[in-house]
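Structural characterization, general
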Amino acid sequence: MSNEPLIFEHSRPGRVNRAQSAHLGGNLDGIPESLRRKQPPRLPEVSELDAVRHYTRLSQKNFSIDTHFYPLGSCTMKYNPRACNTLASLPGFLGQHPLSAERDSQGILACLWDLQEMLKEVTGMTAVSLTPMAGAQGEFAGVAMIRAYHDARGDNARTEILVPDAAHGTNPATATMCGYKVREIPTDTHGDIDIEALMAAVGPQTAGIMLTNPSTLGVFERRIHEIARIVHEAGGLLYYDGANLNAILGKVKPGDMDFDVIHMNLHKTFSTPHGGGGPGAGPVGVSERLQPFMPIPVVGRDDSGAFRWLDERDLPQTIGRLSAHMGNTGILLRAYIYALMLGREGMVRIADYATLNANYLMARLRDAGFDMALPERRATHEFILTLKHQAREPGVTAMDFAKRLLDYGFHAPTTYFPLIIPECLLIEPTETESKQTLDAFVEAMAAIQAEAEKDIETLKGAPYSLPVRRLDDVKAARKLDLRWQAEA
Amino acid sequence: MPFIPHTEDDTRAMLATCGVDSIEDLFDEIPPELRADALDGIPAGRDELAVSRLLHARAAENAQPLCFSGAGAYEHHIPAAVWEITTRGEYYSAYTPYQAEASQGTLQLLYEFQTMMAELTAMEVANASLYDGATALAEAVLMAVRANRKSKARRIFMPRTVHPRYRDVMQTIVRHQGITLELLDYNSAGGHIDPASLPAEPGDITALVIPQPNFFGVLEDADALTDWAHTHGALVIGVVNPTAMAVITPPGEWGVLDENRGADIVCGEGQPLGIPLASGGPYFGFMCCKQKIVRQMPGRIIGATVDLEGKRGYVLTLQAREQHIRRSKATSNICTNQGLMTTAATIYMTVMGPTGLERVARQCHANTRALVQRLGETDGVETLFDRPGFHERVLRLPRPAGEVLAELAERSILGGVDLAADYPELGHALLVCATETRSEADIDAYAKALAEVLG
Ligand SMILES: Cc1ncc(COP(=O)(O)O)c(C=O)c1O
């Protein structure tokens, strides 16, 4: 593929898109010279066609769900139904100012109310706040609520949050942001939390534990009740990282597992787009004891049935606001539309077929000779393959496999996460992929294994067919080049 | 089955490969006592047509009066090309560009975005986005605490002219880290922070926040404030409106003292750059800084590099700052950001160009001046604050603004934002705004309606 220059390199002084601004202008009366900008910013000066062509060409350099199988573990890259985007983009939704009167916002409030109710049902929690803008912000809300709960009881001795060593990086980072020390809990050889280590770690200093279930190892934490009991008995609360909810939708409710708070990644389970990095939505569900501390605003309903925003007047013990307005409303709307189309049977089917696809793909790859990290366990919606043998002999790494997969037209699975499994690929096919796609992926993996056995250089040099060959990350970090500079 | 492609034959064959009789068998590691009852509280599934009907009806229940409200979310015209391109599946349905070679489109676009934000603010570098303007400011405060190694006090000077909801969010986010936010009151005549009112010997301060324009639409004396902060060893955090940057002095040029010129960290709400109002989100927060403190910046950053053959390409860089590498010692817990919104903003800035953006800014300014003048013709309506402003203004009404707004709403006018709860000392104050999307006739309609309501 040819190199696409930077948009700045397409720029020509004096080129102006009159269609967008011909009639606009005005003087800057009232703003003294001393406050005015002297040099205009060097934004590109291009035609509308230049802009459209450039950004269309750039888009063609991306892999995406719409163009490629994208089995990125922990990320739930399932098809994003187009109806969700089309309907969330109706002018009646897009044109609404966030500070519109409640009376004028009943349409959007009704949608958000319905979504709150559905998420309550799915999680088995007492109440839901939709406001967190991604998983990590949901985690922040959850741990901040745990802290507010202990503080409200005058229990100030709790300074630690327990986090399994397999946890996503946002878990420990969140605990730190909430002012806690992080204590890691090891995983046993079967992929479950090491209960002995947990018992040794809990105590009066334990504020809570952050658990992901199914865990980031792609297995169900079987002794969850015992873990809940141990932590609760020590006076700690339980945080549920619900990023992997896709595997258990309608099968298990976190509320039934005695969790106090959960966040969901709607940009995973509820299929809102990842957009090349975001936006997401990370609503939190809470148990009764954390309900007073929920982040605001929350959608409520008055006696007449009209919807309204609940704020600090309704929830005086709230942990507060997490965004200037009410979070990523447009993403919540997409999740709502998706949930309506699925309905109750459709939700359970997601868990069914996500699990079937993962177990099928795991079985096929095992039959093709690959090693699973936890061979005796069932896969949930994802599973981990380890290339530690291949890394030793013939000497190809998970990274090499990942890059070569790109040449075969597949996005790579998640690599090197969780950190505790060497040379791992975390593979999550999702329910929206067909058997035929999964079979093609297995063939590609087998072909790459055969290449590796013949000549490892084939893999070391991959990818070959993409816009660029393998990129030098080390150089990028050493010799920082974070922006284009006009030539002097 | 909605969004599940399996035929019965497929399912049967797949189960056989797994060595089980039914899908249910695949859940046998879940303790039976945990199995949930049916999801009775969820309605039955509906097809696209039925859902479309419902959503059209709901959208119609949102009334959309003529908008004269701003307060951090502005109705601007968005060129059609912006969202036509942004919603291409290759952008819309891609993940975070961790596999750089398969994500050069998103990565190059973000590198261009970082350049544009740095240009707009006259700063050296930018990141690839944070959640929104409010969280960007909270992250900027946390960053300042890390970056200002000389200061031990964790003490931030926070003007009351910063958006009240931003201050709320900041409280929520930074309160657990022993940081004090000291409020600075504004000058009641100017509606700005009077540099002369700042203490001569403030002691150890970590950073001073400067909003430009501030929440009242008033332009702060950013030069004097910046010099004051730097003289006292504090970093300067600018929180700016990107549209305003086209015409007013950008934070990279604040201050007249040669040494240490410009704000150190700049953040803000990116919504004015091509993002629809959409009831408050998704928008995006942006952040820029001086290159020497870039290792303290939160969020994803894209850098240019070369491939095996020496060809230019782009990657996520300085990842050792981030949660997936540094875990509990990361600069922030942020992971997913607002990628698609920055895609739209990049295309918006490209289509508008420097000239288009400046024309938008000038038109907004002119429209707001015209609006303030027309509304001021009504008896009992006065303009507060005599300092220069941009794009937004505070008026004082003879009656509570909440009441007046309710009556304007009956005339299909969203007449601004009531300041009574946040600034009770201002009396019946109303914050108004007219962007380039308001016509003379719109302004006329508002003026007539206000005269009726107050008449
Ligand atoms: C297990 C797990 N927890 C938390 C997160 C964080 O979610 P987000 O990226 O939306 O902040 C992720 C996703 O990246 C995840 O996979």
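Residues numbered from 1 in each chain as written. Chains lettered and ligands numbered in written order. Predicted model: local features only at pLDDT ≥ 70, side-chain atom pairs only at ≥ 80, totals over all residues. Heavy atoms only, no water.

**Concerning the overall build of chain A**
Applied cut-off: Under the scheme used here, helices are H or I runs from DSSP no shorter than 4 residues and strands are E runs no shorter than 2 residues, and both carry numbers assigned from the N terminus. The size measure is the radius of gyration over C-alpha atoms, and the globule rule it meets is 2.2 Å times the number of residues to the 0.38 power. Contact between two residues is taken to exist if any of their heavy atoms lie within 4.5 Å; hydrogens are not considered.
Broken down by element type, chain A carries 15 helices and 13 strands. Rg of the C-alpha trace for chain A: 25 Å, near the compact-globule value of 23 Å for 488 residues, within the 12% margin. Along the longest, intermediate and shortest principal axes, the C-alpha atoms of chain A span 70 × 70 × 45 Å. When contacts within chain A are restricted to residue pairs at least 6 apart in sequence, those whose partners lie at least 24 apart make up 72%.

**Overview of the overall build of chain B**
Here is the rule we go by: Per-residue accessibility, obtained with a 1.4 Å probe over protein chains only, is compared with the maximum for each type, and a residue is labelled buried under 20%, exposed over 50%, and partly exposed between these values. Reported accessibility uses the Shrake-Rupley method at a 1.4 Å probe radius. Residues are deemed covered only where the shown protein chains occlude them. In this tally Asp and Glu are treated as negative and Lys and Arg as positive; neither His nor the chain ends contributes. Just so you know, the charge point we use is NZ for Lys, CZ for Arg, CG for Asp and CD for Glu.
The secondary structure content of chain B amounts to 12 helices and 15 strands. Overall size of chain B, expressed as C-alpha extent along the three principal axes, is 80 × 55 × 50 Å. Within the span of chain B, comprising 455 residues, buried residues form 67% of the whole. When the accessible surface of chain B is totalled, it reaches about 14,700 Å², and 49% of it is carbon and sulfur. Where the 38 positive side-chain charges of chain B centre and where its 58 negative ones centre are 6 Å apart.

**Let's talk about the environment of Ala339(A)**
All names here are of chain A. With respect to the helices and strands, the residue Ala-339 is situated in helix α10 (residues 329–367). Judged by relative accessible area, Ala-339 falls into the buried class, the value being 1%. For Ala-339 and Met-118, which are 221 residues apart along the polypeptide, the C-alpha to C-alpha distance reads 8.2 Å. Not counting residues up to four positions away in its chain, the partners in contact with Ala-339 are Met-118, Phe-270 and Met-347.

**Describing the environment of Val298(A)**
Residue and element names in this part refer to chain A. In this fold, Val-298 is placed in strand β8 (residues 298–301). Accessibility expressed as a relative area gives 4% for Val-298, which makes it buried. Between the C-alpha atom of Val-298 and that of Thr-170, which follows or precedes it by 128 residues, the distance is 24 Å.

**Brief notes about the packing of aromatic side chains**
Counted only if it meets this: When the centres of two rings from Phe, Tyr and Trp lie within 6.5 Å, Trp using its six-membered ring, the rings pair. Their planes under 30 degrees apart give stacked, over 60 give edge-to-face, and anything left gives tilted. Over a ring means this: the NZ of a Lys or the CZ of an Arg is within 6 Å of the ring centre and within 35 degrees of the ring normal.
What the rule picks out here adds up to 22 aromatic pairs over all chains. The interplanar angle of 50° and the centroid separation of 5.7 Å between the aromatic rings of Trp113(A) and Phe307(A) together place this pair among those described as tilted. Of the two residues, Trp113(A) is situated in helix α5 (residues 106–123) and Phe307(A) in strand β9 (residues 307–310); the sequence distance between them amounts to 194 residues. Neither residue differs from the other here; Trp113(A) and Phe307(A) are each classed as buried. Between the aromatic rings of Tyr186(B) and Tyr423(B), the centroid separation amounts to 6.1 Å while the plane-to-plane angle is 70°, which identifies the pairing as edge-to-face. Taken together, the residues Tyr186(B) in the loop between β4 (180–184) and β5 (207–212) and Tyr423(B) in the loop between β14 (417–418) and β15 (429–433) connect sequence positions 237 residues apart. An aromatic cluster is built from Tyr186(B), Phe215(B), Phe216(B), Phe385(B) and Tyr423(B), whose rings are joined through pairwise contacts. When the ring centre of Phe27(B) is taken as origin, the NZ or CZ atom of Lys251(A), which lies over that ring, is 4.5 Å away.

**Regarding the sheet that holds strand β11 (residues 383–386) of chain A**
Residue and element names in this part refer to chain A. Quick reminder of the rule: Note on pairing: two strands pair once DSSP finds at least 2 bridges between them. Think of each axis as a best-fit line through the C-alpha atoms, taken over the contacting stretch in the case of a helix, with angles from 0 to 180 degrees between the N-to-C directions.
Overall, antiparallel pairing links the four strands, which are arranged β10-β11-β13-β12 in an open sheet. Taken across any chain shown, the strands that pair with only one partner, and hence form the sheet edges, are β10 (371–372) and β12 (414–415). In the packing of α10 onto the sheet, the strands contacted are β10, β11 and β13 (424–427), and the crossing angle to β11 comes to about 15°.

**Let's talk about the pattern of salt bridges**
Heads up, the condition is: In the sections that follow, a salt bridge refers to a side-chain nitrogen of Lys or Arg positioned within 4 Å of a carboxyl oxygen of Asp or Glu.
In this structure the tally under the stated criterion is 58 salt bridges over all chains. The partner of Asp407(A) in a salt bridge is Arg404(A), with the nearest N and O atoms 2.7 Å apart. Residue Asp407(A) and its partner Arg404(A) are both found in helix α12 (residues 398–407); the two are separated by three residues, about one turn of the helix. For the pair formed by Asp407(A) and Arg404(A), the shared burial category is buried. Close ionic contact of Asp168(B) with Arg165(B) constitutes a salt bridge, the shortest N to O distance being 2.7 Å. Separated by three residues within a single helix, Asp168(B) and Arg165(B) lie in helix α7 (residues 164–174), roughly one turn from each other. Look at the salt bridges and you will find they share partners, linking Glu312(A), Arg321(A), Arg165(B), Asp168(B) and Asp422(B) into a network.

**Quick look at the pairing of β8(A)**
All names here are of chain A. With four bridges joining them, β8 and β9 adopt antiparallel strand pairing. Residue pairing in the sheet places Arg-301 in a bridge with Phe-307 of β9. Turn length for the β8-β9 hairpin, with the two strands adjacent in sequence and antiparallel, is five residues, and the turn residue Gly-305 shows positive phi of about 95°.

**Thoughts on the domain arrangement of chain A**
Residue and element names in this part refer to chain A. For clarity, the cut-off: An automatic or database domain assignment supplies the start and end points of every domain. Values labelled buried area give the accessible surface lost by two parts on being combined, using a 1.4 Å probe and summing over both.
Structurally, chain A comprises domain 1 (83–341) and domain 2 (350–477). Here the C-alpha centroids of domain 1 and domain 2 sit 31 Å apart. In this assembly, 24 residues from domain 1 lie in contact with 20 residues from domain 2. The largest share of the area that domain 1 buries against domain 2 comes from Leu-217, Gly-218 and Asn-246, three residues that together contribute 31% of it.

**Here we look at the nonpolar core**
We count it as follows: The definition of a nonpolar core used throughout is a set of buried Ala, Val, Leu, Ile, Met, Phe, Trp, Tyr and Cys residues joined through side-chain atoms within 4.5 Å.
Counting residues in hydrophobic clusters, the biggest one holds 111 residues, and the most contacted among them are Leu198(A), Met347(A), Leu365(A) and Leu55(B). Considering every element that reaches this core, the biggest residue donor is α10(A), with 21 residues. Taken domain by domain, this core gets at least three of its residues from each of domain 1 (83–341) and domain 2 (350–477) of chain A. Setting aside anything within four residues of it in sequence, one finds Leu55(B) in contact with Leu87(A), Leu90(A), Phe93(A), Cys111(A), Leu333(A), Tyr336(A), Ile337(A) and Leu340(A).

**Focus on the interface of chain A and chain B**
Frequently, the measure chosen for interface size is the accessible area removed from exposure when the parts meet. Quick note on the threshold: For this scheme, ten residues count as nonpolar: Ala, Val, Leu, Ile, Met, Phe, Trp, Tyr, Cys and Pro. Four count as charged, namely Asp, Glu, Lys and Arg, and the remainder, Gly too, count as polar.
At the interface, 200 residues of chain A touch 184 residues of chain B. With both sides pooled, the region where chain A packs onto chain B buries about 16,600 Å², and carbon together with sulfur makes up 61% of that total. Scanning the region where chain A abuts chain B turns up 11 salt bridges. Close ionic contact of Asp481(A) with Arg312(B) constitutes a salt bridge, the shortest N to O distance being 3.8 Å. When residues of the side of chain A that touches chain B are assigned to their parent elements, the largest contribution, 28 residues, is made by α10(A). Split into classes, the residues belonging to the side of chain A that touches chain B amount to 97 nonpolar, 60 polar and 43 charged.

**Considerations on unusual backbone geometry**
Looking along the chain, the bond that leaves Gly278(A) and enters Pro279(A) is cis, with omega of 0°. With respect to the secondary-structure elements, Pro279(A) resides in the loop between β6 (261–264) and β7 (284–286). Backbone geometry places Arg154(B), a non-glycine residue, at a positive phi of 50°. Examined against the element boundaries, Arg154(B) turns out to sit in the loop between α6 (133–147) and β3 (155–159). Relative accessible area serves as the criterion here: at 34%, Arg154(B) is assigned to the partly exposed category. One non-glycine residue with positive phi stands out, namely His391(B), at about 80°. Along the chain, His391(B) falls in the loop between β11 (382–383) and β12 (392–396). For His391(B), a relative accessible area of 2% translates into the label buried.

**Considerations on the pairing of β11(A)**
Residues and elements named next belong to chain A. Where burial is concerned, the two faces of β11 agree: the one with Phe-383 and Leu-385 and the one with Ile-384 and Thr-386 are both buried. In the sheet, β10 pairs with β11 via two bridges, with the strands oriented antiparallel. Counterpart to Asp-371 in the pairing with β11 is Thr-386. Sheet topology places β11 next to β13; four bridges connect them, and they run antiparallel.

**Regarding the site of the ligand**
Let me state the cut-off plainly: Near, as used in this document, describes a residue that has one of its heavy atoms within 4 Å of the molecule or strand being considered. Each polar contact in these results corresponds to two N or O atoms within 3.5 Å; when the atoms are within protein, one needs to be able to donate a hydrogen and the other to accept it, and residues that are neighboring in sequence are counted only if both atoms are side-chain atoms.
Residues in close proximity to the ligand total 15 residues, the closest being Ser74(A), Asp241(A), His267(A), Lys268(A) and Thr336(B). Lying at an intersection of chains, the ligand is approached by residues of chains A and B. In the environment of the ligand, an oxygen atom lies 2.6 Å from a nitrogen or oxygen atom belonging to the side chain of Ser74(A). At a separation of 2.7 Å, an oxygen atom of the ligand approaches a polar backbone atom of Ala136(A). Per-element tally for the shell around the ligand: the top contributor is helix α6 (residues 135–152) of chain A, with three residues. Of the residues in the shell around the ligand, the class split is five nonpolar, seven polar and three charged.

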